[in-house]
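One-letter residues, chain by chain:
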Amino acid sequence: MTALDGWSVLVTGGGTGIGRACAARLAADGAMVTICGRTQSRLEAAAAGIPRAQWVVADVTVEDQVVVAVERAAAAGPLRGVVANAGGGGGMAPYHLQDVQEFRRVLELNVIGTMLTLKHTVRHLVAAGGGSFVGMSSIAGSVTHPVFGAYPVGKAGIEHMMRNAADDYGAAGVRCNAVAPGFTETEIMEGIPRDSSVFESYLRNIPMGEVAQPADVAEAVRFLIGPESRFVTGTVVYVDGGHHLRAGPDFRPFTGLGPDQLLARG
């Protein structure tokens, strides 16, 4: 017997990167894992390597699709855990140059996606006798990230949503927390050249001097999902090598904008 035997857990954005690592770690301790995302081929490939995993195509910004994914997870067994990992950024520019539609898209993906996942899983967590909901934040939720547009706003929103939800549902035995990774070696982050000033701006601000692996984040998620964290709720766990103690990264070179444009002088 392992700690999560008989538990069903839903992981959104589970086809790649941190989501896939979380699903694999939870399954390793006995959970029946349902992963969802927007790309079927990635979900199939991920599920093939995870014991007792099933997949369902679902966009977390589309409520009807979230309902389908949640019902699939609940049918697999008592839903005791949820990892709201689906999210992402975009629209890299200072606010005076932000495209409103792109800004809204990023907020929808991160904040509305997490809210819809919470909305439709919480009754199942209560019915199972209690459970754990983990929202995926980022160090961008608390440390400034120039030109990141809606992404830091969305991640800060997720953290506060988890605090409010912890207060709302604590009496029903549902715990809500957030995990805030720093730079993590995922497919998305491969787009940052390791010889660039942007990557250097990460490393110089990480006290431990290296970047995280998806498995590092998955271990924190496993703790928050499992019974070992039964009295932990309404908090944020940083998995960033201490990066949140210093300054955020500097992505301004990636915008191609000059100093005057960045400061709205041009």
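A.B. asks: Got a minute to help me understand helix H3 (residues 63-75) in this structure?
C.D. replies: What sets the pattern is the α-helix's 3.6 residues per turn: residues three or four places apart point alike. For H3, with 13 residues, the first-to-last C-alpha span of 18 Å sits near the 18 Å given by 1.5 Å per residue. Restricting attention to buried positions, one finds in H3 the residues Val66, Ala69, Val70 and Ala73. Angularly, the buried residues of H3 cover 100° about the axis, an arc narrow enough to put them on a single face. Exposed and oriented more than 90 degrees from the buried face of H3 are Asp64 and Ala75. For H3, the secondary structure elements touched by its buried residues are strand S1 (8-12), strand S2 (32-37), strand S3 (53-57), strand S4 (79-84) and helix H4 (100-127). Immediately downstream of H3, the backbone of glycine 77 shows phi near 155°, a positive value.

A.B. asks: I tried to follow the sheet that holds S1 on my own but got confused; where do I start?
C.D. replies: Across a sheet, strands are paired by hydrogen bonds formed along the backbone, either parallel or antiparallel in direction. With parallel pairing, seven strands are arranged side by side in an open sheet as S3-S2-S1-S4-S5-S6-S7. The outermost strands of the open sheet, each flanked by one partner alone, are S3 and strand S7 (236-239). Strand after strand, the sheet turns through a mean of 20° between neighbouring axes, direction not considered. Both S1 and S4 contribute to a ladder of five bridges, which runs parallel. Across the sheet, valine 9 pairs through a bridge with glycine 81, a residue of S4. Where H3 meets the sheet, its contacts fall on S1, S2, S3 and S4, and the angle it forms with S3 comes to roughly 165°.

A.B. asks: What is the right way to look at the pattern of salt bridges in this model?
C.D. replies: A side chain with one charge can pair with a side chain of the opposite charge if their charged atoms come near. Applying the stated rule across the entire model yields 11 salt bridges. One salt bridge connects aspartate 250 with arginine 252, and the closest N-O pair in it is separated by 2.8 Å. The exposure class of aspartate 250 is partly exposed, given its relative accessible area of 21%. On the basis of relative accessibility, which here comes to 38%, the residue arginine 252 falls in the partly exposed class. Three or more residues are tied together by salt bridges with common partners; here these are Arg25, Asp29, Glu219, Arg222 and Glu228.

A.B. asks: What's the story with the layout of surface pockets in this structure? I'm lost.
C.D. replies: Taking a probe equal in size to a water molecule and rolling it over the atoms shows the remaining empty space. Empty space within the largest pocket amounts to approximately 1,200 Å³. What lines the largest pocket is a set of 45 residues, and nearest its centre among them are Gly87, Gly88, Gly89, Tyr151 and Ile188. Of all the elements in the fold, those that place two or more residues in the lining of the largest pocket are helix H1 (17-28), S2, helix H2 (40-48), H4 and helix H5 (150-169). Broken down by element, the lining of the largest pocket gets its largest block of residues, three residues, from H1. When grouped by side-chain class, the residues that make up the lining of the largest pocket number 20 nonpolar, 19 polar and six charged.

Rules and cut-offs
- Residues numbered from 1 in each chain as written.
- Predicted model: local features only at pLDDT ≥ 70, side-chain atom pairs only at ≥ 80, totals over all residues.
- Heavy atoms only, no water.
- Helix = DSSP H or I, 4+ residues; strand = E, 2+ residues; numbered from the N terminus.
- Expected span 1.5 Å × (residues − 1).
- Buried < 20%, exposed > 50% of the residue type's maximum accessible area, 1.4 Å probe, protein only.
- Arc of directions from axis to C-beta.
- Contact = heavy atoms within 4.5 Å.
- Pairing = 2+ DSSP bridges.
- Axes fitted to C-alpha atoms, helices over the stretch in contact; angles between N-to-C directions.
- Salt bridge = Lys/Arg side-chain N within 4 Å of Asp/Glu carboxyl O.
- 1 Å grid on protein atoms, 1.4 Å probe; cavity = no way out; pocket = protein on both sides within 12 Å on 5 of 7 lines; lining within 4 Å.
- Points joined across faces, edges and corners; volume = space filled by probe spheres on them.
- Nonpolar A, V, L, I, M, F, W, Y, C, P; charged D, E, K, R; others polar.

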